[in-house]
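# Examination of the molecular architecture
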Amino acid sequence: MKKSDVLVGIADRATRAQLYKPTSLNLSLVEREIEAFDAVLSKLCEEFPFLCSYKEKMEDSELEQFDGLFVWLTEQLRTFPNDATNPEQSLTNILALATLLECDAQLWDELAKAVPNVPELLIITLTKIIKENRANGQEILVGARYSDNEIQVLLADIASKDWKSVEWLIAHLWMEIWPPAKQHASAALYRFDRQSLESILEVENDFFEIVAYVSYAPTAQSLQLAIASTNWTFKFWTLYHSARQDAIGSESYPMEWEILLSEAAKVPSEWVRWLAVLNEYPGRYPQLQEALGNTLASASGEALDAYVSSISGVSDFGRTEIATALTVFREKATAAHD
């Protein structure tokens, strides 16, 4: 079987599989969770090298082990924690194995099908892992060798939500600030207790933490969370990331984009910030233009003025996209007055 297909329907397939328990998870983890995670991951790779290889297909014996490991994961979730005195260690084992089994963000959906309800302590421990390992912007910039003066300027731009000035940062730093342990903890929390994840993101004010979450989480999930949120930083970077992904061939989300844009258009301070990024180089966001046009058709005069101001300096390279948005706007606005 191709590795890319191995998680398709595994929740059903695993009902016929035998549990396969890893023998390499007997570590005494005294380090912080992230370092402990790396140690467990290394041991699992040694025990199951086929999970870390670049082979396109799995042998029958490997597939049998894979299904058995999935069954072991479901059992760990159902009976969490394995070690009542150290639930963090039990969770570290789960998240490390999940990292090796994951493919195209399918794993946790299948795990949730197999185990729709999990113990409350698992939710608490997932939340703890995420909160205790928050990104720290100052530390990240120091580690990236920015000077003290550069750091102060960047942090000031972030504090004032000058997204146009800090947009380029995410291309350089996002890979450093969202380790797999947090990635899978967030994915699990989304499936098993979305309200807890919503609560974390609702009050999150660290730009780096938000951008990292958005960069790693499945886009459809981030958009649904952003629509439900009142965290404007989260809303903008979710829209931005999804539009950039669409520009390189990923899925479009016109309905979700229009909802977020329409919300922003009602908040002048946010709307101006969003437009400063989206209309600096509109050619980067071709599929976003129809949603922008629909938003403009029902926007206030103040929001329309802000849009016109934002396109005044657009170069000829962005005129095609601007024309698309304005064509949709005129058609919708005309229809509304007929």
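This text goes with the structure placed above it.
Here's what I pulled together on the structure shown here. One numbering rule holds for all chains: residues counted from 1, following each sequence as written. Where totals are concerned, whole chains, interfaces and linings use all residues; where local detail is concerned, this predicted model gives features only for residues with pLDDT of at least 70, and gives and counts side-chain atom pairs only at 80 or more. Here the side-chain values reflect all heavy atoms present in the structure, with hydrogen atoms and water set aside.

Turning to the state of the cysteines, a few remarks are in order. Note that a disulfide, as used here, is simply two cysteine sulfur atoms within 2.5 Å. Taken as a whole and judged by the stated rule, the model has 1 disulfide. Sulfur-sulfur distance for the disulfide between Cys45 and Cys52 comes to 2.5 Å. Disulfide Cys45-Cys52: the torsion about the S-S bond is -95°, which places it as left-handed. Residue Cys103 stays outside any disulfide, its sulfur separated by 14 Å from that of Cys52, the closest cysteine. Overall, Cys103 belongs to the buried group, its relative accessible area being 18%. When a residue's accessible area, from a 1.4 Å probe over protein chains only, is under 20% of the maximum for its type it is buried; when over 50% it is exposed; and in between it is partly exposed.

Okay, the packing of aromatic side chains next. Side-chain rings of Phe, Tyr and Trp, where Trp is taken by its six-membered ring, are said to pair if the distance between their centres is within 6.5 Å; with planes under 30 degrees apart they count as stacked, over 60 as edge-to-face, and otherwise as tilted. Tallied over the full model, the rule gives 16 aromatic pairs. When the ring of Trp163 is compared with that of Phe207, the centres are 5.8 Å apart and the planes differ by 15°; the resulting orientation is stacked. Placement of the pair is Trp163 in helix 9 (residues 163-166) and Phe207 in helix 13 (residues 207-216), with a sequence separation of 44 residues. Considered together, Trp163 and Phe207 belong to a single accessibility category, that of buried residues. Each residue in the set Trp163, Phe207, Phe208, Trp232, Phe236, Trp237, Tyr240, Trp274 and Tyr285 is aromatic and connected to the rest through ring pairs, giving one cluster. The side chain of Lys235 reaches across the aromatic face of Trp232, ending 5.6 Å from its centre. Numbered from the N terminus, helices here are DSSP runs of H or I no shorter than four residues, and strands are runs of E no shorter than two. Counting as a charge over the ring demands two things of the Lys NZ or Arg CZ atom: a distance within 6 Å of the ring centre and an angle within 35 degrees of the ring normal.

Our next topic: the packing of helix 15 (residues 232-247) against helix 17 (residues 268-278). Geometry is summarised by axes, namely lines fitted to C-alpha atoms with helices restricted to the contacting stretch, and by angles between N-to-C directions that run from 0 to 180 degrees. Contact geometry of helix 15 with helix 17 gives a least axis separation of 11 Å together with a crossing angle of 25°. Classed by the angle they form, the pair helix 15 and helix 17 counts as roughly parallel. Read as a crossing pair, helix 15 and helix 17 show a hand that is right-handed. Where helix 15 approaches helix 17, its residues Trp232, Lys235, Phe236, Leu239 and Tyr240 are matched on the opposing element by Glu270, Trp274, Val277 and Leu278. Under the convention adopted here, Pro, Cys and the residues Ala, Val, Leu, Ile, Met, Phe, Trp and Tyr are nonpolar, Asp, Glu, Lys and Arg are charged, and Gly plus all remaining residues are polar. In terms of residue class, the contact of helix 15 with helix 17 is made up of 7 nonpolar, no polar and 2 charged. The cut-offs work like this: below 35 degrees is roughly parallel, past 145 is roughly antiparallel, 65 to 115 is roughly perpendicular, and the gaps in between are oblique. Take the far helix as the reference: if the near one is turned anticlockwise from it by less than a right angle, the crossing is left-handed, and if turned clockwise, right-handed. Residue contacts are counted whenever heavy atoms from the two residues lie within 4.5 Å of one another.

Before going further, it helps to examine unusual backbone geometry. Omega for the peptide link from Phe80 to Pro81 comes to 0°, which places this bond in the cis form. Here Pro81 shows up in the loop between helix 3 (60-78) and helix 4 (87-101). Residue Ala105 is not a glycine yet carries a positive backbone phi of 55°. Using a relative accessible area of 35% as the deciding quantity, one classes Ala105 as partly exposed. In this model, Arg145 sits at a positive phi of 70°, which is unusual for a non-glycine residue.

Tracing the sequence through the fold places Asn117 in the loop between helix 5 (107-114) and helix 6 (120-132). Of the residues examined, Asn117 reaches a relative accessible area of 64% and is grouped as exposed. Placed 75 residues apart in sequence, Asn117 and Phe192 show a C-alpha to C-alpha distance of 7.0 Å.

One full turn of an α-helix is made of 3.6 residues, so residues set three or four places apart face in the same direction. The span you would expect from a helix comes to 1.5 Å times its residue count less one. Helix length check: helix 16 (residues 254-265) (12 residues) gives 16 Å between terminal C-alpha atoms against 16 Å at 1.5 Å per residue, within 8%. Taken residue by residue, helix 16 has Glu256, Trp257, Leu260, Leu261, Ser262, Ala264 and Ala265 as its buried positions. The elements touched by buried residues of helix 16 are helix 14 (219-228), helix 15, helix 17, helix 18 (289-297) and helix 19 (301-310).

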